[in-house]
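Residue-level structural notes
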Amino acid sequence: MSWDAWIRGPEIEPSLYAADFARLGDEVETLLAAGVRVFHFDVGDGHFVEPITIGPVVLRSIAELVHTRGGALDCHLMVDNPERHIPQIADAGGDSVTFHHEVTAEPDRLAARARELGLGAGLAFNPESAVEEVSGAGRAFDLVLCMSIHPGYSGQTFLPESLDRIRALRAALPDEVHVQVDGGITAENVTAVREAGADLIVAGSAVFAADDPAAAYRRLADLVA
């Protein structure tokens, strides 16, 4: 399968990094029932980003549940050596893998490796990196991820200059390459992010910190529909 099969238009991707891990399976089930199609799964190595986050063991534990219900797992590698992790993501049940521009000199080769393993391929870049640095390489990917916070921690505030970066990225990429945005998404800014050109929008605390995560997801989805 591919991104074109997974998505129905603009998608809100709940970020599992912000979930309650004591109730992870239940929260995933609740959101699948609410209509979630794609979950975002952040992997941090303690080097590229300071926190060591969730990894293949957790991914494997939820993959069957997500896939049985028609969902997909979009894995974001916030790591120094993505090549070492890509096979682990494929083996654990990931569907797409995104790695960072800042840590690879051969993005095309890593994208090809991901696709050999049956994964979609994404290229991410941090707020410090210029759109022009990634837009050329990004044409070979399924998606390009514009970070709208400094990666590593959930709950940060959206960087307002990200809207201009999203617009520039969308203008520079072919229509078939998706623009993804991750960081600081709320009900107050999600419409502006969508209007700037993003069609894959990651939301962590805006979903999982809400009293009713399913209702919070549906509100965000309605705002970008």
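Everything that follows concerns the structure shown earlier in this document.
Everything in this summary refers to the structure shown in the same document. None of the values given here were measured: they were computed from a predicted structure. (Residues numbered from 1 in each chain as written. Predicted model: local features only at pLDDT ≥ 70, side-chain atom pairs only at ≥ 80, totals over all residues. Heavy atoms only, no water.)

Regarding the pairing of strand β1 (residues 11-14)
Burial along β1 is two-sided: Glu11 and Glu13 and Ile12 and Pro14, pointing in opposite directions, are all buried. Summarising the sheet, β1 and strand β8 (residues 200-203) pair through four bridges and their orientation is parallel. Counted as the bridge partner of Ile12 is Ile201 from β8. (Buried < 20%, exposed > 50% of the residue type's maximum accessible area, 1.4 Å probe, protein only. Helix = DSSP H or I, 4+ residues; strand = E, 2+ residues; numbered from the N terminus. Pairing = 2+ DSSP bridges.)

Some remarks on helix α7 (residues 162-172)
In an α-helix, one turn spans 3.6 residues; hence positions three or four apart end up facing the same way. Among the residues of α7, Ser162, Leu163, Arg165, Ile166, Leu169 and Arg170 are the ones counted as buried. Here the buried residues of α7 occupy an arc of 160° about the axis, which is enough to place them on one side. For α7, exposure combined with an orientation more than 90 degrees from the buried face picks out Asp164 and Ala171. Against β5 (120-125), α6 (131-138), β6 (143-147), β7 (178-182) and α8 (190-196) lie the buried residues of α7. (Arc of directions from axis to C-beta. Contact = heavy atoms within 4.5 Å.)

Comments concerning the packing of aromatic side chains
Any two aromatic rings considered together are summarised by their centre-to-centre distance and by the angle between their planes. Overall, the coordinates contain two aromatic pairs when judged by the stated rule. Taking 5.0 Å as the distance between ring centres and 75° as the angle between the ring planes, the aromatic pair formed by Trp3 and Trp6 counts as edge-to-face. Within this pair, Trp3 and its partner Trp6 are both found in helix α1 (residues 3-6), separated by three residues, close to a single helical turn. The burial state of Trp3 is the same as that of Trp6; both residues are buried. Each ring, one from Phe99 and one from Phe141, has its centre 5.7 Å from the other, and the planes form 70°; the classification is edge-to-face. Note that Phe99 is positioned in strand β4 (residues 96-100) and Phe141 in the loop between α6 and β6, a separation of 42 residues in sequence. Take Phe99 and Phe141: they sit in the same class, and that class is buried. (Phe/Tyr/Trp six-rings, centres within 6.5 Å; stacked < 30°, edge-to-face > 60°.)

Focus: the pairing of β6
On a regular strand, one side chain projects to one face of the sheet and the next to the other, so that they alternate. With respect to burial, β6 is a largely interior element, five of its five residues being buried. Side chains of β6 alternate between two faces, with Leu143, Leu145 and Met147 and Val144 and Cys146 buried alike. Each parallel crossover has a hand, and the one from β5 via α6 to β6 is right-handed. Pairing of β6 with β7, which is carried by five bridges, proceeds in the parallel orientation. (Right-handed = clockwise from strand over helix to strand, strands pointing away.)

Focus on helix α5 (residues 107-116)
Of the residues making up α5, those classed as buried are Pro107, Leu110, Ala111 and Ala114. Buried residues along α5 cover an arc of 105° about the axis, so they all sit on one side. Residues of α5 that are buried in the fold lie against α4 (82-92), β4, β5 and α6. A positive phi of about 85° marks Gly118, the residue just after α5.

Observations concerning the sheet that holds β4
Read from one edge of the open sheet, eight strands run β1-β8-β7-β6-β5-β4-β3-β2, paired in parallel fashion. With one partner strand each, in any of the chains shown, β1 and β2 (38-44) form the two edges of the open sheet. Each strand axis lies, on average, 25° off the axis of its neighbour in the sheet, ignoring direction. Looking at chain direction, strand β3 (residues 72-78) and β4 are connected through three bridges and run parallel. Looking at β4, one finds that His76 is bridged to Thr98. Contacting β5 and β6, α6 crosses the sheet at an angle of about 170° to β5. (Axes fitted to C-alpha atoms, helices over the stretch in contact; angles between N-to-C directions.)

As for the packing of helix α2 (residues 24-34) against helix α10 (residues 213-224)
Two numbers describe how α2 lies on α10: the axes approach to 9 Å, and their chain directions differ by 40°. By the criterion of interaxial angle, the relationship of α2 to α10 is oblique. Note that α2 runs across α10; the crossing there is right-handed. Listed contacts from α10 to Thr30, Leu31 and Ala34 of α2 are Pro213, Ala214, Tyr217 and Arg218. Grouping the constituent residues of the contact of α2 with α10 by class yields five nonpolar, one polar and one charged. (Parallel < 35°, antiparallel > 145°, perpendicular 65-115°, else oblique. Left-handed = near helix turned anticlockwise from the far one by under 90°. Nonpolar A, V, L, I, M, F, W, Y, C, P; charged D, E, K, R; others polar.)

Description of the pattern of salt bridges
Going through the model one piece at a time under the given rule, you end up with 10 salt bridges. In this structure, the salt-bridge partner of Arg109 is Glu83, at a minimum N-O distance of 2.7 Å. Taken together, the residues Arg109 in helix α5 and Glu83 in helix α4 connect sequence positions 26 residues apart. Overlapping salt bridges, with partners in common, bring together Asp20, Arg23 and Glu27 in one network. (Salt bridge = Lys/Arg side-chain N within 4 Å of Asp/Glu carboxyl O.)

Any functional reading would require information beyond the geometric quantities listed.
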